[in-house]
Amino acid sequence: MATSSDGQRADSNIIDEFADYREELTVTGHSVDRAGGERLSSFYDTWVERYHEMHVTYGWLAPRNLAALASEFITDKSSRILDAASGTGMVGQELKNLGFTCIDALDPSQKSLDQCKEQKSHTEYICDTLDEHQTKIQDNQYDAVVIGGAFGVPGHVSDSCFPELIRVTKPGGYIMFTLSDKVKDEWDTKLEAAIAALNKQGRWEVADSRRIQYNLNEDVDEKATVPVLRMHVACGYLAPRNLAALASEFITDKSSRILDAASGTGMVGQELKNLGFTCIDALDPSQKSLDQCKEQKSHTEYICDTLDEHQTKIQDNQYDAVVIGGAFGVPGHVSDSCFPELIRVTKPGKKKTHYFGQP
């Protein structure tokens, strides 16, 4: 708070205004039929000019703390992130401050998105609700989806949007959202059931659950729970994740050069990237698979070639490790005939080639 009496009075007025805003928000939220209804959008359109200042003065710390938490799980600053129910873009601004460069905003209030554009933190601006309906976003677009402040608030975001969030998030990506103590009691049981049901279906898993500071001022000390949900890979194919985890036990330097051999669409490389590795090349005989792999932005170079007894264009002693996920032993794929080639391209003292068998 400001130290001068005038400043204290001004801050006090804004805090009182915020309390009125929050009460009106709850009443409006209870009155709408579905999340993000027109009446709710109109409510935010009315408050948009005061939104940022009120939240900052009130001590709304959720955007900063949610962004900091997200950065623990998303280490690649070029990862594509959806700031869902973005409002005026406060979460995206904090992500930008942490170095993230590819953040999209989604919100039902066009005026809020217009205000968000002034922050210049986001790349795309999508005016849409977040509920059970399918947005215009394509499948598997985002490395992470973050929601700061909207989940559980009446009329805003509920568990009805979970299938849509899963649809737009990449396999191995993350979904995380704040659940403030103000609404936690109402949501605890049904949220746990909704998360468990989708876990049972193999759609995601609970990677973590954290407590963060949500609001903090002289009169309010409010916290929030943040479930961190990690998307499962399709069909329960866990070899890429487990192979990457195993490789990380032997390869401790995250700048090590790794060849993702018989890479396919790059699932092993994606898992290595999630673990913080930064220099991963892909080799596969299918150019279309490599083109799909490029969309993941996990790899550095893309080599279209077979893996057998012949010598590839790769120079000697290039890699600290070679990993093969799923292809070894599958008829017509990778066999022991490639071992001399794998040894040739792997650095002396680094000859560790890990593979999983049939997918």
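Conventions and cut-offs
Residues numbered from 1 in each chain as written. Predicted model: local features only at pLDDT ≥ 70, side-chain atom pairs only at ≥ 80, totals over all residues. Heavy atoms only, no water. Helix = DSSP H or I, 4+ residues; strand = E, 2+ residues; numbered from the N terminus. Contact = heavy atoms within 4.5 Å. Polar contact = N/O pair within 3.5 Å; in protein donor to acceptor, adjacent residues only side chain to side chain. Buried < 20%, exposed > 50% of the residue type's maximum accessible area, 1.4 Å probe, protein only. Salt bridge = Lys/Arg side-chain N within 4 Å of Asp/Glu carboxyl O. 1 Å grid on protein atoms, 1.4 Å probe; cavity = no way out; pocket = protein on both sides within 12 Å on 5 of 7 lines; lining within 4 Å. Points joined across faces, edges and corners; volume = space filled by probe spheres on them. Nonpolar A, V, L, I, M, F, W, Y, C, P; charged D, E, K, R; others polar. Phe/Tyr/Trp six-rings, centres within 6.5 Å; stacked < 30°, edge-to-face > 60°.

Draft legend 1. Region of the structure containing the environment of Arg 210. Looking at the element boundaries, Arg 210 is found in strand S7 (residues 204–216). On a C-alpha basis, the gap between Arg 210 and Leu 69 in space is 8.5 Å, while along the polypeptide they are 141 residues apart. Setting aside chain neighbours within four positions, we find Arg 210 in contact with Leu 69, Glu 72, Phe 73, Ala 224, Thr 225 and Val 226. A polar atom in the side chain of Arg 210 sits 2.9 Å from the side chain of Glu 72. Within polar-contact distance, the side chain of Arg 210 engages the side chain of Asp 208 at 2.8 Å.

Draft legend 2. Structural view of helix H4 (residues 90–97). All of the buried residues along H4 are Met 90, Val 91, Gly 92, Gln 93 and Leu 95. Backbone geometry just after H4 places Gly 99 at a positive phi near 105 degrees.

Draft legend 3. A look at the pattern of salt bridges. Under the criterion given, the structure shown has 18 salt bridges. A salt bridge links Glu 164 to Arg 167; the nearest nitrogen and oxygen atoms lie 2.7 Å apart. On the criterion of helical spacing, the pair formed by Glu 164 and Arg 167 is a turn pair, its members being three residues apart in helix H6 (residues 162–168). The same class applies to Glu 164 as to Arg 167, namely buried. Residue Glu 341 is joined to Arg 344 by a salt bridge in which the shortest nitrogen-to-oxygen separation is 2.6 Å. With Glu 341 and Arg 344 both in helix H11 (residues 339–345) and three residues apart, this pair spans about one turn of that helix. By relative accessible area, which is 7% here, Glu 341 ends up buried. With a relative accessible area of 15%, Arg 344 lands in the buried category.

Draft legend 4. Representation of empty space enclosed by the protein in the model. The final tally for this structure, using the stated rule, is one cavity of 30 Å³ or more. Those elements that place two or more of their residues in the lining of the largest cavity are strand S5 (169–177) and helix H9 (267–274). When the residues that make up the lining of the largest cavity are grouped by side-chain class, the tally is four nonpolar, six polar and three charged.

Draft legend 5. Seen up close, the packing of aromatic side chains. With the rule as written, the count across this model stands at seven aromatic pairs. Ring plane angle 5 degrees and centroid distance 5.8 Å describe the contact between Phe 151 and Phe 162, whose orientation is recorded as stacked. Here Phe 151 is found in the loop between strand S4 (142–147) and H6, whereas its partner Phe 162 is found in helix H6, with eleven residues between them in sequence. When the ring of Phe 162 is compared with that of Trp 204, the centres are 5.1 Å apart and the planes differ by 65 degrees; the resulting orientation is edge-to-face. One end of the pair, Phe 162, is in helix H6; the other, Trp 204, is in strand S7, and 42 residues separate them in sequence. Overall, Phe 162 belongs to the buried group, its relative accessible area being 1%.

Draft legend 6. Inspection of unusual backbone geometry at higher detail. With a phi angle near 50 degrees, Ala 85 is a residue other than glycine that sits in the positive phi range. Residue Ala 85 is classed as buried on the basis of its relative accessible area of 17%. A positive phi angle, near 55 degrees, is found at Lys 120, a position not held by glycine. In this structure, Lys 120 sits in the loop between helix H5 (110–117) and strand S3 (125–127). Given a relative accessible area of 67%, Lys 120 falls into the exposed group.

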